[in-house]
Structure formats: structure tokens, C-alpha cells
Amino acid sequence: MKHFTDCLKLSFLIIGSIIGAGFISGREIVSFFYGQNAFFVSAILCGAFSVFISFILIVKDLENNVVYSLVKPLVLISNFVIMSGMLSGLDSLQEQIVSIDHIYPIFSTVAVILSNIILYRGVKGVEKVNSFLVPVMIAFMIAVTLPSVSFSQVGGDGIKPVKLISYCGLNVFMSAPLFNAAGKGKSVIKSFAAAALSAVVLCVLIYFALSAVTAKGNSALSSPVPTLVLAGDMKIIYYPFAICFIFGIFTTLLSSHYPLFSLVENERSKLFYRILLSVSTLGASRFGFYNIVSYAYPFIGLFGAVVTVVIAISTVIFPPKPRRRTLHPQERTE
């Protein structure tokens, strides 16, 4: 039972890192996959996610990989941008939900404080939060999309490989530091199982959302929030939907904050640096980073996919060598 629970917690951590506000709204899914065959998209992504995530979970010493070391600054910069974008999104929601102008960063300030507190617990803290929030997000997505799913209308006849590669690379590459840390101490079987379970859940949700929005037509496709259109005129769904949006933003915030938070782990003034980071991302969020992230996603995704493949190949061809002992064995004395 404990093995199953550990596998489930790891799966929730993975899913929570990928299901953000863009995923829950359906906008991200439409942007990447509209016009493609929903079944083919889901099936291919399921396989790609399983392989990519499994590799990141089980690879040892990712931080010491030469390729990863070279691109790590880009990973950190990208996470900074996405973290700022999530904080910007929270302030936009604040304006819509409680009618407090986004120039007063209340939601984002509370979120970044909570994120710092949770990340002091490391990966275990993220696992606990995602174990609570992710099932709610999954249930909401299913409840909203399933009634409108058309199993006969699955979109176009083909796929766009570049879009698929970009989407998979984006999500795995950006969360690689968190996934790799979460995989430490886990058996290969448990890592494979968690990756496969996560991939299946994610791709079922993608299939439901893409199929439902496509069947709904232009009213959903042209909406900034397609899943809200699927919910129809049910006023009772508005606030649960907004709460799930906040959950999605927060789990993505944790995932993007983690590598930045861990960067100064061994520094003497790490508290100062973490406060400085939090203030910097709050300041950067004032520029409306959602627009920047939307333009950066395709590039980061393609780059991330290529880098992940290169790291995998380099790991297989040039496996890390065991460290040599530098201490001489003690001589035996009578």
C-alpha cells in the first residue's frame, strides 16, 4: 500500500507541475492542438510524456550533466519568467473575483509567501500540496469537459509533430529540476509507474478538453477561457472554476519557483537571496508576463525537447563515472 501511495504522490506532483491555468482554461490546449486529431494527439503525447518524464525521474546527477550545466542559466531565466507570469495571473484573477485592482498585488504577495514556506520543506512540501490540489483540478476538468465530449468528432485527420514536441519539451524541460529531485530515492519501477500514470491522466484530460471544445464550435474556440464556455450559463460553476484556476496557477508557481529557490541552498545569505528573488518576481509581474510567456513557450518547448534528448543520449553514451577514492586505505597494524 505504501508503494502505491508513494507512486500516487509522485504522479500528483508531476501532474500539478503541468496542469496550470492555461491547461485548466483550455486555452493552452486549443493553442497547441486545435485542428489536429484529438485521439492521435493524446496517444502520441501519452507515449512521449511517459518516456521523457521517466528519464528525468531516473537519471542520476542531472545537475552534473555537461549539457544540462550549459543550458541551466536558460532554465532558470525561463522559470523566472513563468513564475512572474503566474503572479501576474493571480493579480488579474484578484481583479475579477474580488474587484481589487491588480496594481495592488495582494493575491500574488500571499502566493509567493506561501510558496517560500512550502519550498522550505523541499520536494515533500510540494508533494503534500499537490496531493490535495491536483485531485480537485482533475475532477473539475472532467466535470466541465465530459458532458460536451464528442467521441465521433475528434478534430482534424492529422497531427503537427512540431507542436507535440514543443508542448512535451516545454513541460518536462521546465520542471526537470523538480522531477529529478522527486525521483531521488525512488525505484526505477516506481518512477516508471508514476510517469505512466501521470501521462495517462494528462492525455485523457487533453483528449476531453480538445474534443469538447472542438465539438462546441466557435463560441468556445474563440473564447479566452474555452472551458468556461463549456460550463454554459451555470452561475454556480463560476467560483469553483476561479478556485481551480488559482490552484492551477499555484501548482505551476511552485514548480517554477523550486529551481530558483534551490539555487542558493548552500549560500550563507540564502534567506536574503530568497527574499530578493520574491521581490524581483513580484516586480517583474507588474509588466504582464503572460504575454511574454505566450511568445516564449514555443521556443522554450522546442529547445527543451532537443536538450532533453541530447541529455538522454549523452547519459547513455557517456555514463557518469564512479568517483575515485582519494583516501589511502589504512595500513593494518599488529
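### Some remarks on the overall build of the protein
Tallying secondary structure elements over the protein gives 15 helices and zero strands in all. Taking all 334 residues of the protein together, 51% fall into the buried category. Across the protein, every contact between residues at least 6 apart in sequence was considered, and the portion connecting residues at least 24 apart equals 86%. When the accessible area of the protein is evaluated, it comes to approximately 16,800 Å², of which 68% is carbon and sulfur surface.

### Quick notes on the packing of aromatic side chains
Tallied over the entire structure, the rule returns eight aromatic pairs. Each ring, one from Phe32 and one from Phe33, has its centre 5.9 Å from the other, and the planes form 45°; the classification is tilted. Pair check on accessibility: Phe32 and Phe33 agree, each one buried. Counting every residue linked through ring pairs, the aromatic cluster contains Phe32, Phe33, Phe49 and Tyr167. Residue placement shows Arg274 over the ring face of Tyr120; its charged tip is 5.4 Å from the ring centre. Its guanidinium or amino end placed over the ring of Phe261, Arg274 lies 3.6 Å from that ring's centre, counting from NZ or CZ.

### Describing the pattern of salt bridges
The full count for this structure, using the stated rule, is one salt bridge. Note that Lys190 and Asp6 form a salt bridge whose closest N and O atoms lie 3.4 Å from each other. A residue pair is termed long-range when its members are at least 10 positions apart, and Lys190 in helix α10 (residues 188-216) and Asp6 in helix α1 (residues 2-18) qualify at 184 residues. Judged on exposure class, the residue Lys190 and its partner Asp6 are both buried.

### Here we look at helix α5 (residues 66-97)
The end-to-end C-alpha distance of α5, which contains 32 residues, comes to 46 Å, matching closely the 46 Å that a straight helix rising 1.5 Å per residue would cover. A bend of about 45° at Lys72 is the largest found in α5, and the proline Pro73 appears one to four places after it. Of the residues flanking the end of α5, it is Ser99, one or two places downstream, whose phi is positive at about 60°.

### Comments concerning the side chain of Thr251
Within the element layout of this structure, Thr251 appears in helix α13 (residues 238-262). Taking the relative accessible area as the measure of exposure, Thr251 reaches 1% and is therefore buried. When sequence neighbours within four positions are dropped, the list of residues in contact with Thr251 reads Gly16, Ile19, Asn130, Leu133 and Met137.

### Observations regarding the packing of helix α4 (residues 38-58) against α10
Interhelical geometry of α4 versus α10 gives an angle of 155° and a closest axis separation of 8 Å. Classified by the interaxial angle, the pair formed by α4 and α10 is roughly antiparallel. Along this stretch, α4 crosses α10, giving a crossing that reads as right-handed. Here α4 contributes Ala38, Phe39, Val41, Ser42, Leu45, Cys46, Phe49, Ser50, Ile53, Ser54, Leu57 and Ile58 to the contact with α10, which in turn contributes Val188, Ser191, Phe192, Ala195, Ala196, Ala199, Val200, Cys203, Ile206, Tyr207, Leu210 and Ser211. Partitioned by chemical class, the residues of the contact of α4 with α10 number 19 nonpolar, five polar and no charged.

### Considerations on the confidence of the model for the protein
The predicted model of the protein has a mean per-residue pLDDT of 82, with 89% of residues at 70 or higher. Across the protein, the secondary-structure element scoring lowest on mean pLDDT is helix α15 (residues 289-317), at 70, and the one scoring highest is helix α6 (residues 106-119), at 93.

### With respect to a positive patch on the surface
On the surface, Lys9, Arg121, Lys124 and Lys128 cluster together into a patch of positive charge. Within the element layout of this structure, Lys9 appears in helix α1.

### Overview of the environment of Leu221
Considering the arrangement of structural elements, one finds Leu221 in helix α11 (residues 218-221). Ignoring anything within four residues of it in the chain, the contact list for Leu221 reads Arg27, Val30, Tyr34 and Val213.

### A look at α4
An α-helical segment advances 3.6 residues per turn. Residues three or four places apart therefore align on the same side. Taking 1.5 Å of rise per residue, the 21 residues of α4 would be expected to cover 30 Å, and the 30 Å separating its terminal C-alpha atoms lies within 8% of that figure. If you check the start of α4, you find a side-chain oxygen 3.0 Å away from the backbone N of Phe39, and it comes from Asn37.

### Let's talk about the state of the cysteines
Under the defined criterion, the tally for this structure stands at zero disulfides. Unpaired in this structure, Cys46 has its nearest cysteine sulfur neighbour in Cys203, at a distance of 4.7 Å. Between Cys168, a cysteine without a disulfide, and Cys203, which holds the nearest cysteine sulfur, the sulfur-to-sulfur distance is 8.5 Å.

### Details of a nonpolar patch on the surface
Nonpolar side chains collect at one region of the surface, where Val98, Ile100, Ile103, Tyr104, Ile106, Val110, Ile113, Leu114 and Ile117 lie side by side and expose about 790 Å² of accessible area between them. Secondary-structure assignment places Val110 in helix α6. A relative accessible area of 44% means that Val110 is categorised as partly exposed.

Thresholds, definitions, all that
Residues numbered from 1 in each chain as written. Predicted model: local features only at pLDDT ≥ 70, side-chain atom pairs only at ≥ 80, totals over all residues. Heavy atoms only, no water. Helix = DSSP H or I, 4+ residues; strand = E, 2+ residues; numbered from the N terminus. Buried < 20%, exposed > 50% of the residue type's maximum accessible area, 1.4 Å probe, protein only. Contact = heavy atoms within 4.5 Å. Areas by Shrake-Rupley, 256 points an atom, 1.4 Å probe, with all protein chains shown as cover. Phe/Tyr/Trp six-rings, centres within 6.5 Å; stacked < 30°, edge-to-face > 60°. Lys NZ or Arg CZ within 6 Å of the ring centre and 35° of its normal. Salt bridge = Lys/Arg side-chain N within 4 Å of Asp/Glu carboxyl O. Expected span 1.5 Å × (residues − 1). Bend = angle between axes of the 7 residues up to and from the residue. Axes fitted to C-alpha atoms, helices over the stretch in contact; angles between N-to-C directions. Parallel < 35°, antiparallel > 145°, perpendicular 65-115°, else oblique. Left-handed = near helix turned anticlockwise from the far one by under 90°. Nonpolar A, V, L, I, M, F, W, Y, C, P; charged D, E, K, R; others polar. pLDDT = per-residue confidence, 0-100. Patch = residues over 30% accessible without salt bridge, like charges linked within 9 Å, V, L, I, M, F, W, Y side chains within 5 Å. Lys, Arg positive; Asp, Glu negative; His and termini not counted. Charge placed at Lys NZ, Arg CZ, Asp CG, Glu CD. Polar contact = N/O pair within 3.5 Å; in protein donor to acceptor, adjacent residues only side chain to side chain. Disulfide = S-S within 2.5 Å.

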